[in-house]
Amino acid sequence: MKKNVFALAMTLLVSLFFIISCSGSKGPAEMAIKASEEAVNATKAEAAKILPDEVKMLEDSLASVKEKFVKKEYKAALEEATALSGKAKDVLAAAKAKKDEFTQKWNAMSQELPQMVTDIQAKVDSLSKVKKLPANLSKQALEEAKTGLASVKEDWAKAEESFKAGSFADAVNAATAIKDKALKIMETLGMSAPAAAPAPAADVR
């Protein structure tokens, strides 16, 4: 009987020690999770449209940390939450660098494309006034160039709205496609292409 009581007492002591140990980590884990959630939210606000995959990984990691906390795995939650805050800061820094890259490309495009559109419009207006088109330009090709120019103007307006809305990658990709379309129109009209811009340093998503 005494043996059973002793065994029961030891079991209770071990259980109590475990509970106290876990409870001791609960507060720090809770604080770490709060800090990591703030870091993830701050990163999400800046990086969601620039590095969406990385932001999704941060959100998944945060959900995993919270799940461990609910399961009272406080030590693991504390360690992972602490690491998550660092990862969020890294993603934020990467997003800012990517934003600078997109902005640099956009600034170059926003100077080049409007001038191309102006030049094409002047050429179209000039050709529309002549009685006889150049031998290498048919009336149909001129009409297609006019239609293409209207499309370029419309697409450029949309690209500008995308950039203003913070969709930097979409805006830069759209501007690249618009430039290609404008170059084809210039070729059709017998115009010289502008000097080639430096090759992009990296792919845009």
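Scope of this entry: the structure provided in the associated data block. The shown structure was predicted, so the numbers you read here are calculated from the model rather than taken from an experiment.

Using the criterion set out here, one finds 11 salt bridges in the structure. The salt bridge partner of K66 is E37, with a shortest N-O separation of 2.8 Å. You can see K66 sitting in helix α2 (residues 52–70) and its partner E37 sitting in helix α1 (residues 2–47), a full 29 residues away along the chain. A relative accessible area of 33% means that K66 is categorised as partly exposed.

Another point: α2. The terminal C-alpha atoms of α2 lie 27 Å apart, and with 19 residues this matches the ideal 27 Å at 1.5 Å per residue to within 8%. Of all the positions in α2, only V55, L58, L62, V65, K68 and F69 are classed as buried. Around the axis of α2, the buried residues are gathered within 140° of arc, so they sit on the same side. In α2, the exposed positions angled more than 90 degrees off the buried face are occupied by D53, M57 and V70. Remark: K72 follows α2 within two positions and exhibits a positive phi of approximately 65°.

Rules behind the numbers
Residues numbered from 1 in each chain as written. Predicted model: local features only at pLDDT ≥ 70, side-chain atom pairs only at ≥ 80, totals over all residues. Heavy atoms only, no water. Salt bridge = Lys/Arg side-chain N within 4 Å of Asp/Glu carboxyl O. Helix = DSSP H or I, 4+ residues; strand = E, 2+ residues; numbered from the N terminus. Buried < 20%, exposed > 50% of the residue type's maximum accessible area, 1.4 Å probe, protein only. Expected span 1.5 Å × (residues − 1). Arc of directions from axis to C-beta.

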